[in-house]
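# Commentary on secondary and tertiary structure
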Amino acid sequence: MQSSARRRQHVPTPGLPASRLGSTQQEDGTRNSRFHLDLWFYFTLQNWLLDFGRPIVMLLLPLDWFPLNKPSAGDYFHMAYNIITPLLLLKLIDRSPKTLPNSVIYVSIITFVMGASIHLVGDSVNHRLIFSGYQLHLSVRDNPIMQNLQPSSLVDSFELLYYYDEYVGHSMWYIPFFLILFIYFTGCFTNSRKESSMPLSAWTLLLPSSLYYWYLVTEGQIFIIFIFTFFAMLAIILNKKRKGLYLDSNGLFLLFSFSTALLLIAAWIIWLWNDKVLRKKYPGVIYIPEPWAYYTLHINSFH
């Protein structure tokens, strides 16, 4: 009777993965803490190719191949990103013993896809305007090509597009993105100090991963979301340390990637601290210029 009762206690709930049977499961850190090289490699590769690489591809390929009234190569890259990234995020969550209810994960992924899709449209139009003389280091209304629009009320429409792209789209895109990374991070702990180290493969991916987070924060203007996630990660580390748990290789990889990205962001701010033009474009308390604004101001205009 007792043995059968024990067996019944370990029967998984139908329809739910074993890794999602509650937030307290495997709290003692006895799970397999091997480095998820496959996921982190695919994650870093597709981030560089499909996110960072898409505007570069659009600028490098001949304009005749992709007319301005049709989707560009960068747009197809963005579409692929909007499909592949949610799948990788779900795979990441599946490998973590700590997660939120399935409904929260599904809503997060849906919100992510919707925000990234809003950004796809706004970014597509925005990069086409560059070919018409639009300057990213200036506000929408201060751009010379906008001042010549007739009727002048069209500028309001472009400002609305900019608002959807930079504020609505980015918020709906990046808040779920970092939420899922944080949920995954909360499960990256082990009770063995020997397992609290990174393999060579993790160190190899560290710099590309950190550079991408630097780009994500600076170009996406999401420093508050990023720093809030980073401080939440530090709080989790302190809480787990009191329980005798240590970060495993995956947790260390995320923590070091965020830490290095933070140093790169600080260096970027210091380098451009006295840039008067960019200061005018980003007048707020948090001064973090966008890389593409720097490109149109100092590189594209130079050529």
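Here the structure is a predicted model, which is why all the values come from computation and not from measurement. (Residues numbered from 1 in each chain as written. Predicted model: local features only at pLDDT ≥ 70, side-chain atom pairs only at ≥ 80, totals over all residues. Heavy atoms only, no water.)

### A short note on the packing of helix H2 (residues 37-60) against helix H3 (residues 73-94)
What counts, and what does not: Structural elements are reduced to axes, namely lines fitted to C-alpha atoms, with helices fitted over the stretch in contact, and the angle between N-to-C directions of any two is expressed from 0 to 180 degrees. Working definition: helices are DSSP H or I runs of at least four residues, strands are E runs of at least two. Numbering for both runs from the N terminus. Angles below 35 degrees are treated as roughly parallel, those above 145 as roughly antiparallel, those between 65 and 115 as roughly perpendicular, and all remaining angles as oblique. If you view the pair so one helix is near and one far, a crossing is left-handed when the near helix is turned anticlockwise from the far one by less than a right angle, and right-handed when it is turned clockwise. By the convention used here, residues are in contact when the closest approach between their heavy atoms is within 4.5 Å. Following the grouping adopted for this structure description, the nonpolar residues are Ala, Val, Leu, Ile, Met, Phe, Trp, Tyr, Cys and Pro, the charged ones are Asp, Glu, Lys and Arg, and the polar ones are all others, Gly among them.
Contact pair H2 / H3: the axes reach a minimum separation of 9 Å and the direction vectors enclose 160 degrees. As summarised for this structure, H2 and H3 are arranged roughly antiparallel, according to the angle between their axes. Two packed elements cross with a definite hand, and for H2 against H3 that hand is left-handed. Facing H2, whose interface residues are Leu39, Trp40, Tyr42, Phe43, Gln46, Asn47, Leu49, Leu50, Asp51, Arg54, Val57 and Met58, H3 presents Ala73, Gly74, Phe77, His78, Ala80, Tyr81, Ile84, Thr85, Leu88, Leu89, Lys91 and Leu92. Partitioned by chemical class, the residues of the contact of H2 with H3 number 16 nonpolar, five polar and three charged.

### Observations regarding the confidence of the model for the protein chain
Let me state the cut-off plainly: The predictor's confidence in any single residue is recorded as pLDDT, a number from 0 to 100.
Across the protein chain, the average pLDDT comes to 84, with 88% of residues at or above 70. Scored below 50 in pLDDT, residues 1-32 shows 39 contacts in the model against residues more than four places distant or in partner chains.

### Focus on the environment of Arg34
The topology assignment puts Arg34 in the loop between helix H1 (2-9) and H2. Measuring from C-alpha to C-alpha, the distance between Arg34 and Cys188 comes to 10.0 Å, with 154 residues separating the pair along the chain.

### Considerations on unusual backbone geometry
To keep things clear, this is the line we draw: When accessible area is computed with a 1.4 Å probe and restricted to protein chains, residues below 20% of their type maximum are described as buried, those above 50% as exposed, and intermediate ones as partly exposed.
Following Gln150, the chain continues to Pro151 via a peptide bond in cis, the omega torsion being -5 degrees. Relative to the helices and strands, Pro151 resides in the loop between helix H5 (144-147) and helix H6 (154-186). For Gln221, which is not glycine, the phi torsion reads 55 degrees and is therefore positive. By the secondary structure assignment, Gln221 is in the loop between helix H7 (200-220) and helix H8 (223-242). Classification of Gln221 as partly exposed rests on a relative accessible area of 34%.

### What to know about the packing of aromatic side chains
Counted only if it meets this: To pair, rings of Phe, Tyr and Trp, with the six-membered ring standing in for Trp, must have centres within 6.5 Å; the planes then decide the type, stacked if under 30 degrees apart, edge-to-face if over 60, and tilted in the middle. Remark: a charge is flagged as sitting over a ring if the NZ atom of Lys or the CZ atom of Arg is within 6 Å of the ring centre and within 35 degrees of the ring normal.
If you walk through the whole model with that rule in mind, you get 29 aromatic pairs. A ring pair is formed by Trp292 and Tyr295, whose centres lie 5.0 Å apart and whose planes are at 75 degrees; its orientation type is edge-to-face. A residue pair is termed a helical-turn pair when its members lie 3 or 4 positions apart in one helix, as Trp292 and Tyr295 do in helix H11 (residues 291-299) at three residues. Here Trp292 falls in the buried class, since its relative accessible area comes to 9%. Taking the relative accessible area as the measure of exposure, Tyr295 reaches 23% and is therefore partly exposed. When the ring centre of Phe189 is taken as reference, the NZ or CZ atom of Lys240 above it lies at 5.7 Å. Geometry around Trp273 places Arg279 over its ring, the cationic atom sitting 4.1 Å from the centre.

### As for the side chain of Asn143
Rules: Identification of polar contacts relies on pairs of N or O atoms within 3.5 Å, with a donor-acceptor requirement for protein atoms, meaning one able to donate a hydrogen and the other able to accept it, and with residues adjacent in sequence counted only if both atoms are side-chain atoms.
Note on placement: Asn143 falls in the loop between helix H4 (102-130) and H5. A distance of 2.6 Å separates the side chain of Asn143 from the backbone nitrogen of Gln135, its partner in a polar contact. From its side chain, Asn143 meets the backbone oxygen of Ser139 in a polar contact 2.8 Å long. What Asn143 contacts, discounting residues up to four positions off in sequence, is Gly133, Tyr134, Gln135 and Leu138.

### With respect to the pattern of salt bridges
Defined as follows: By salt bridge we mean one thing: a side-chain nitrogen of Lys or Arg within 4 Å of a carboxyl oxygen of Asp or Glu.
Under the defined criterion, the tally for this structure stands at six salt bridges. The residue Asp51 makes a salt bridge to Arg54 at a minimum N-O spacing of 3.0 Å. Of the two residues, Asp51 and Arg54 both sit in helix H2, three residues apart, roughly one turn of that helix. For the residue pair Asp51 and Arg54, the accessibility class agrees, reading buried in each case. For Arg54, the salt bridge goes to Asp123, with nearest N and O atoms at 2.5 Å. Here Arg54 is found in helix H2, whereas its partner Asp123 is found in helix H4, with 69 residues between them in sequence. The buried category is assigned to Asp123, whose relative accessible area is 12%.

### Examining the environment of Leu254
Within the secondary structure, Leu254 sits in helix H9 (residues 249-271). Assessed through its relative accessible area of 1%, Leu254 is described here as buried. With 45 residues separating them in the primary sequence, Leu254 and Ser209 have C-alpha atoms 8.8 Å apart. Leave out the neighbours within four places in its chain, and Leu254 touches Trp40, Leu181, Tyr184, Phe185, Tyr213 and Met233.

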